[in-house]
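Now for the letters of each chain:
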Amino acid sequence: VITRKKSGARSPVVTNRRAKQCHSSAQCSCFTGVKSVLVVPLVGIVDDARAARILETLLESVVNQQARWVIVDVTGLASMDEGAANHLSQMAKAVKLIGAECILAGISPGIARTLIELGVELNELRTTASLADALTQVTNSRRGVHSASK
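In every chain, residue numbers begin from 1 and rise along the written sequence. Only residues with pLDDT of at least 70 get local features here, since the model is predicted, and only at 80 or more are side-chain atom pairs given and counted; chain-wide, interface and lining totals rely on the full set of residues. Think of the side-chain values as coming from all heavy atoms in the structure, minus any hydrogens and water.

## What about the overall build of the protein?
Phase 1: Of regular secondary structure, the protein possesses 5 helices and 6 strands.
Phase 2: Buried positions account for 41% of the 150 residues belonging to the protein.
Phase 3: Taking the contacts inside the protein whose residues are at least 6 apart along the sequence as the reference set, 72% of them involve residues at least 24 apart.
Phase 4: Accessible surface is estimated by sampling points in the Shrake-Rupley manner with a 1.4 Å probe; for residues, cover comes only from the protein chains shown. When the accessible surface of the protein is split by element, carbon and sulfur atoms take 51% of a total near 8,400 Å². Starting at the N terminus, helices and strands are each numbered in turn, a helix being any DSSP run of H or I of at least four residues and a strand any DSSP run of E of at least two. Partly exposed describes any residue whose relative accessible area lies between the buried limit of under 20% and the exposed limit of over 50%, with all areas from a 1.4 Å probe on protein chains only and scaled to the type maximum. We call two residues contacting when some pair of their heavy atoms lies within 4.5 Å.

## Some thoughts on unusual backbone geometry
Phase 1: Of note, the phi angle at Gln66 is positive, near 55°, even though the residue is not glycine.
Phase 2: Along the polypeptide, Gln66 turns up in the loop between α2 (48-65) and β4 (69-77).

## Here's the deal with the confidence of the model for the protein
Phase 1: When the pLDDT values of the protein are averaged, the result is 78; 73% of them are 70 or greater.
Phase 2: When the criterion is pLDDT under 50, residues 1-27 qualifies, and its contacts beyond four places in sequence or with other chains add up to 44 contacts. Each residue carries a pLDDT score, the predictor's confidence in it, ranging from 0 to 100.

So this is what it looks like as structure tokens:
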């Protein structure tokens, strides 16, 4: 279940207990700190069943919150395999179809290498190394400042 929490400029802190809870029950929190921006921190492993639940509730949240931006933070993912990468790509495409932009944040060097080795196409997806970078991209975009990364 994606729940809405209002937060300030700080990113959410996820404890180990919460991470285990998130993985085992396929829950994920959706934070709104800036109007029209949803932040979805993913923790643990994204399997087919969990990805389907996250996608369904994410799309509902985008519509209900009238979000224009979705930032999916993968910093807390245990690993990134081809299945998880494809789920993230499908999530980004679905978010775009309902009128929002998606940024994949928290791409580590290991995840980047894995995605390249697997040949996973993320052409339509903006990516950043950190959640802070993603928030900067959103802020700049809202101000009309063009970002060099995509």
